[in-house]
Amino acid sequence: MMKVIKTITALQEEIKAYKQANKTIGLVTTMGALHEGHASLIKAASEENDVAVVSVFVNPTQFGPTEDLDSYPRTLDADCRLAEGMGADVVFAPTPQEMYPSADMTWVEVTGNITKVLCGATRPIHFRGVATVVAKFFNLVQPDKAYFGQKDAQQVQVLQRMVRDLFFPLELRVMPIIREADGLAKSSRNTYLSAAERQSALILSQSLRAVQDSFAQGERTTAKLLEQVTNQIKTEPMAVIDYVSLYQLPDLTECPVQLSGRSLLAVAVKFGNTRLIDNVILEDK
Ligand code: PAF
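A quick note: this is a predicted structure, and the numbers were derived from the prediction, not measured. (Residues numbered from 1 in each chain as written. Predicted model: local features only at pLDDT ≥ 70, side-chain atom pairs only at ≥ 80, totals over all residues. Heavy atoms only, no water.)

Q: Go over the site of the ligand, please, and point to the residues and values.
A: The environment of the ligand is made up of Thr 29, Thr 30, Met 31, Asn 59, Gln 62, Val 130, Val 133, Val 134, Phe 148, Asp 152 and Gln 155. Gln 155 is positioned such that a nitrogen or oxygen atom in its side chain is 2.7 Å from an oxygen atom of the ligand. Summarising the interface, the protein chains cover 90% of the accessible area of the ligand, which totals 290 Å² for the free molecule. Within the residue set of the shell around the ligand, elements represented by two or more residues are strand E2 (25-30) and helix H7 (126-141). When residues of the shell around the ligand are assigned to their parent elements, the largest contribution, three residues, is made by H7. Grouping the amino acids of the shell around the ligand by side-chain chemistry returns five nonpolar, five polar and one charged. (Near = heavy atom within 4 Å. Polar contact = N/O pair within 3.5 Å; in protein donor to acceptor, adjacent residues only side chain to side chain. Areas by Shrake-Rupley, 256 points an atom, 1.4 Å probe, with all protein chains shown as cover. Helix = DSSP H or I, 4+ residues; strand = E, 2+ residues; numbered from the N terminus. Nonpolar A, V, L, I, M, F, W, Y, C, P; charged D, E, K, R; others polar.)

What follows is the structure, given as structure tokens:
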């Protein structure tokens, strides 16, 4: 029977018992509103570890002042059912007060290009909030493995950097993007889309697939690959581009004129009030 835990004290007791019994722990951190993308992470965590812990916490410190903190969907009962169905042993759903007991606090901040480009350009406090809350969850749960989705490609790079720099003794597992049958990447924010916006949003996965084809056929000129995606997205009248960008992995540094190595092509586009992200990795096999 899965346990739903709301306090840090109760969570720490549970984790202590797992550690004493030498059980390996897989952690999936989420903000709830769970969908098949999260389900794939929870399933992997439960298959690859003795126990799987899922955190459900809409983290206030990663939302900017004009972002959707208040309207972000909160669906704890449904989240617990999905988590249990995927094999979770614990859902940890703390209050903001539990996670941030005082206004004076310690931040974890990854500096450099990695947090300045892409979403960092328009969401300047976002990755500091993400790194801080994920570090708190790592310290509380002490997982052997922690699971994140490639959909949030920049978040993955930032957290990989944090794990390296702060010597967290865990393996970060990155799982593939899960898509709807028509290609739209699964996201908790897809529920905000009207039927027309949802239809328009298909241009993201379509343009990324097309650029993968060009890359496979030998196109390596950074500007041409970017132009191809930008032009295709612009054919969709409802799409308002925030960015279409190519950066080199792992540290999101500028790409040379001709791509080489491993690069991230990432897009953020608004449809109505909803901003969606998607990405592909371009690399020679
Ligand atoms: O990816 C998310 O849902 C959030 O950024 C995370 C990692 C749970 C931190 O709040």
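Q: Lay out the packing of helix H10 (residues 202-216) against helix H11 (residues 222-234) in plain terms, naming residues and giving numbers.
A: Interhelical geometry of H10 versus H11 gives an angle of 150° and a closest axis separation of 9 Å. In terms of axis orientation, H10 runs roughly antiparallel to H11. As H10 packs across H11, the resulting crossing turns out to be right-handed. Contact residues: H10 offers Ile 203, Leu 204, Gln 206, Ser 207, Ala 210, Val 211, Ser 214 and Phe 215, while H11 offers Leu 225, Gln 228, Val 229, Gln 232 and Ile 233. (Axes fitted to C-alpha atoms, helices over the stretch in contact; angles between N-to-C directions. Parallel < 35°, antiparallel > 145°, perpendicular 65-115°, else oblique. Left-handed = near helix turned anticlockwise from the far one by under 90°. Contact = heavy atoms within 4.5 Å.)

Q: So what about the packing of aromatic side chains? Which residues, and what values?
A: Under the definition given, this model contains six aromatic pairs. With a centroid separation of 6.3 Å and 35° between ring planes, the pair formed by Phe 57 and Tyr 100 is classed as tilted. Of this pair, Phe 57 sits in the loop between strand E3 (51-56) and helix H3 (76-85) while Tyr 100 is found in the loop between helix H4 (96-99) and helix H5 (113-116), placing the two residues 43 residues apart along the sequence. Of the two residues, Phe 57 and Tyr 100, neither departs from the other in class, the shared state being buried. The interplanar angle of 75° and the centroid separation of 6.5 Å between the aromatic rings of Phe 138 and Phe 148 together place this pair among those described as edge-to-face. One end of the pair, Phe 138, is in helix H7; the other, Phe 148, is in strand E5 (residues 145-149), with 10 residues separating them in the sequence. (Phe/Tyr/Trp six-rings, centres within 6.5 Å; stacked < 30°, edge-to-face > 60°. Buried < 20%, exposed > 50% of the residue type's maximum accessible area, 1.4 Å probe, protein only.)

Q: Any details on the pattern of salt bridges? Residues and values, ideally.
A: Applying the stated criterion across every chain yields a total of 14 salt bridges. Here Glu 14 ties to Lys 3 by a salt bridge, and the two come within 3.0 Å at their closest N and O atoms. Of this pair, Glu 14 sits in helix H1 (residues 8-20) while Lys 3 sits in strand E1 (residues 3-5), placing them 11 residues apart in sequence. A residue is classified by how much of its surface remains accessible, and Glu 14, at 15% relative accessible area, is buried. Here Arg 161 and Asp 251 are joined by a salt bridge, their closest N and O atoms 3.2 Å apart. In this pair, Arg 161 is assigned in helix H8 (residues 153-165) and Asp 251 in the loop between strand E7 (239-248) and strand E8 (253-254), connecting sequence segments 90 residues apart. Arg 161 sits in the partly exposed class, given a relative accessible area of 26%. When salt bridges with common partners are traced through the structure, they connect Glu 36, Glu 180 and Lys 186 into a single cluster. (Salt bridge = Lys/Arg side-chain N within 4 Å of Asp/Glu carboxyl O.)

Q: I'd like a description of unusual backbone geometry, backed by residues and values.
A: A cis amide bond links Leu 249 with the next residue in sequence, Pro 250, at an omega value of 10°. Looking at the element boundaries, Pro 250 is found in the loop between E7 and E8. Located in the positive-phi region is Gln 142, a residue other than glycine, with phi close to 50°. Considering the arrangement of structural elements, one finds Gln 142 in the loop between H7 and E5. In this structure Gln 142 comes out as partly exposed when scored by relative accessible area, which is 41%. For Leu 252, which is not glycine, the phi dihedral falls at a positive 55°.

Q: Describe the nonpolar core, listing the residues and the values that go with them.
A: Side chains of a nonpolar character, in soluble globular proteins, are inclined to be buried together. Met 99, Phe 138 and Met 162 are the most contacted members of the largest nonpolar core, which has 49 residues in total. By residue number, the principal contributor to this core is H7, which donates 10 residues. Once you skip the residues sitting within four places of it in the chain, Phe 138 turns out to touch Leu 27, Pro 143, Ala 146, Phe 148, Met 162, Val 163, Phe 168 and Leu 170. The next biggest cluster of nonpolar side chains, apart from the first, holds 25 residues, and it includes Leu 184, Leu 208, Ala 239 and Phe 271. (Core = buried A, V, L, I, M, F, W, Y, C linked by side-chain atoms within 4.5 Å.)

Q: Before we move on, can you summarise helix H2 (residues 36-48) with the specific residues and values?
A: Relative to the 18 Å expected for 13 residues at 1.5 Å per residue, H2 spans 18 Å between its end C-alpha atoms, a close match to the ideal helical length. Taken residue by residue, H2 has Gly 37, His 38, Ala 39, Leu 41, Ile 42, Ala 44 and Ala 45 as its buried positions. In the core, the buried residues of H2 are packed alongside E2, E3, H3, E5 and strand E6 (171-175). (Expected span 1.5 Å × (residues − 1).)

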